[in-house]
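# Architecture at a glance
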Amino acid sequence: MNILYISVDPIAPWQKPLRRHIPDADIFVWGTDDIDESDVDYILAWNPPKGLLNTFPKAKAIFVLGAGVDALLQDPDLPKSIPIVRLVDPGLTRGMTEHVMYWVLHFHRHMHTYALQQAAHQWIAQTPHNAEKHRVGILGLGELGQDAAHALMMMGFESIAGWSRSRKDLPSIESFAGPDELDAFLARTEILVCLLPQTTETQGLLNADTLAKLPQGAFIINSGRGGLIVEDDLTQALQSGHIQAAALDVFNTEPLPKDHVFWTLDNVFITPHIASITDPACATPVIADGIQAIEHGDLPDNVVDLDKGY
Ligand code: NDP
Ligand code: OXD
């Protein structure tokens, strides 16, 4: 079996886990190793050049080396007849949950205010929030959103809601579903966590209108995709104080341009798309299971629904 690795990231961290979990595979690196296109059985890819994935006539599946497939689906020549499998693995989920917990606690414990106070040499104790009542809302109750919600519950946050396309039956998590319930979800949410995929439906979901539905002084943590938020509208809401502060990991343009206004706002916390990073040691066993499923004539888990776009 021949596996082709397509990524600007080095293959080195993948070599050992691939040898261990898929010992009968020969691994080729696109752009470095010679392999005939028609000899490629499986593709492991992150951000491949447009048009490339359609040049392997016998490929049986494409395994995406991350969770989000928005960039990949913009390829007009993307092969539609083989499964495109996005990454769901325990390491990626744990990383995102840590990131979400960190920022929820940061805002919940007034750390954004204490940073400003420290710069002004001010000693002022803020009134603590009560975790049981501090209302967290998670946009996107999929693999990542559900895990973050459960971890927050374990921390004592008892007022957690989520918004998704389909209604969820999750103990102690209030489920809002579909466009008709978005306003009510936003109105009850004091800390908003964005963990939606970017699709034609979710692009620009958070704009001047929807941001205005959040209560005065709400917080935003966006770790889904930059395109979920209209950045100019968020800037205005941050400048007016309607949104008290935002922790942003993803942006419309990455890297965030040096002259972007977000860099200048003291109520914006920027991280460079690191909320959760694929760890080959965690991802490879999942990919190996997917390949095995296909070799046995089954469909692997987490095949992307091309109509829904995630
Ligand atoms: P899932 O596909 O498991 O979950 C997506 C969730 O979004 C589902 O609950 C889905 O609803 C909901 N959703 C999608 N479209 C809509 C819509 N139009 N209206 C309402 N709800 C919608 O994805 P993951 O949880 O695994 O990942 C989420 C995103 O996180 C990724 O797509 C990626 O963009 C981002 N990500 C970012 C990383 C980072 O480092 N910043 C790392 C990893 C992922 P339903 O359940 O009803 O289908
Ligand atoms: C992503 C990822 O989708 O890194 O951003 O998995």
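Conventions we followed
Think of each chain on its own: its residues are numbered from 1, step by step along the sequence as written. Here chains are named by letter from A upward and ligands by number from 1 upward, in the order in which they appear as written. The predicted nature of this model means local features are confined to residues of pLDDT at least 70 and side-chain atom pairs, given and counted, to a pLDDT of 80 or more, with totals for whole chains, interfaces and linings taken over all residues. Calculation of side-chain values draws on the structure's entire complement of heavy atoms; hydrogens and water are dropped beforehand. Strands are runs of DSSP state E lasting at least two residues, helices are runs of H or I lasting at least four, and both sets are numbered from the N terminus onward. Residues are labelled near a given molecule or strand when at least one of their non-hydrogen atoms is within 4 Å of it. Within 3.5 Å is the distance limit for a polar contact, defined as a pair of N or O atoms, with the added protein rule that one can donate a hydrogen and the other accept it, and that residues adjacent in sequence qualify only through two side-chain atoms. Only the protein chains shown count as cover for residues, with accessible areas throughout obtained via the Shrake-Rupley method and a probe of 1.4 Å. For this classification, Asp, Glu, Lys and Arg are treated as charged, while Ala, Val, Leu, Ile, Met, Phe, Trp, Tyr, Cys and Pro are nonpolar and the rest, including Gly, are polar. Domain start and stop points were drawn from an automatic or database domain assignment. Note on definitions: a residue-residue contact is assigned when non-hydrogen atoms from the two residues lie within 4.5 Å. Take the accessible area each of two parts loses on contact, using a 1.4 Å probe, and add the two losses: that sum is the buried area. Here, a salt bridge means any side-chain nitrogen of Lys or Arg that lies within 4 Å of a carboxyl oxygen of Asp or Glu. The rule for pairing is simple: two strands pair if DSSP sees at least two bridges between them. Here an angle of 0 to 180 degrees is reported between the N-to-C directions of two axes, which are lines fitted to C-alpha atoms, with helices fitted over the stretch in contact. The method works on a 1 Å grid over the protein atoms by themselves. A cavity is a set of points holding a 1.4 Å probe that cannot get out, a pocket is an open set with protein on both sides within 12 Å along at least five of seven lines, and residues with an atom within 4 Å of a point line them. Grid points are joined across faces, edges and corners, and a volume is the space filled by probe spheres set on the points.

On to the environment of Pro90, then. Tracing the sequence through the fold places Pro90 in helix H2 (residues 90-108). Residues Pro90 and Ala61, spaced 29 residues apart in sequence, show a C-alpha to C-alpha distance of 21 Å.

All right, on to the site of ligand 1 then. Around ligand 1, a shell composed of 28 residues is seen, among which Arg86, Ser166, Lys168, Glu201 and Tyr310 lie nearest. Gly142 places a main-chain nitrogen or oxygen 3.1 Å from an oxygen atom of ligand 1. Between ligand 1 and Glu201 there is a distance of 2.9 Å, counted from a nitrogen atom to a side-chain nitrogen or oxygen. Here ligand 1 has 940 Å² of accessible area as a free molecule, and 93% of this is covered by the chains. Of all the secondary-structure elements, those providing two or more residues to the shell around ligand 1 are helix H4 (143-154) and strand S7 (160-164). Considering only residue class, the shell around ligand 1 consists of 11 nonpolar, 10 polar and seven charged.

A few words now on the domain arrangement of the protein chain. What the domain assignment reports for the protein chain is domain 1 (2-89 + 278-295) and domain 2 (90-270). In this complex, domain 1 contributes 11 residues to the contact, which on the side of domain 2 involves eight residues. Buried surface at the junction of domain 1 and domain 2, summed over both partners, amounts to about 750 Å²; 58% is from carbon and sulfur atoms. Note that Asp70 is salt-bridged to Arg225, the shortest N-O span being 2.8 Å. Counting across the interface, domain 1 meets domain 2 through four residue pairs in polar contact (both at pLDDT 80 or more). Classifying every residue of the side of domain 1 that touches domain 2 by side-chain character gives six nonpolar, two polar and three charged.

The next thing to look at is the sheet that holds strand S11 (residues 243-248). Taking strand neighbours across the sheet as the criterion, the seven strands line up as S8-S7-S6-S9-S10-S11-S12 in an open arrangement whose pairing is parallel. Of all the strands in the sheet, the pair left with one neighbour each is strand S8 (173-177) and strand S12 (268-270). With strand direction ignored, the average angle separating the axes of adjacent strands in the sheet is 15 degrees. In the sheet, strand S10 (residues 218-222) pairs with S11 via five bridges, with the strands oriented parallel. Bridge pairing in S11 places Ala218 opposite Ile243. Along the sheet face, H4 touches strand S6 (136-139), S7 and S8 and points at about 165 degrees away from the line of S6. Packing against the sheet, helix H7 (residues 231-240) makes contact with S10, S11 and S12, and its axis sits at approximately 135 degrees to S11.

Its boundaries defined by the atoms lining it, the second largest pocket holds a volume of some 260 Å³. In terms of lining, the second largest pocket is formed by 17 residues, of which the most central are Asp70, Ala71, Arg225, Glu254 and His273. Residue classes in the lining of the second largest pocket are distributed as seven nonpolar, seven polar and three charged. Lining the lining of the second largest pocket are residues from two domains, each supplying at least three of them: domain 1 (2-89 + 278-295) and domain 2 (90-270).

Now for unusual backbone geometry. Residues Glu254 and Pro255 are joined by a peptide bond in cis, for which omega reads -5 degrees. Checked against the element boundaries, Pro255 lands in the loop between S11 and S12. A positive phi angle, close to 50 degrees, is found at Asn47, a residue other than glycine. At His273, a residue that is not glycine, the phi angle is positive and equals roughly 50 degrees.

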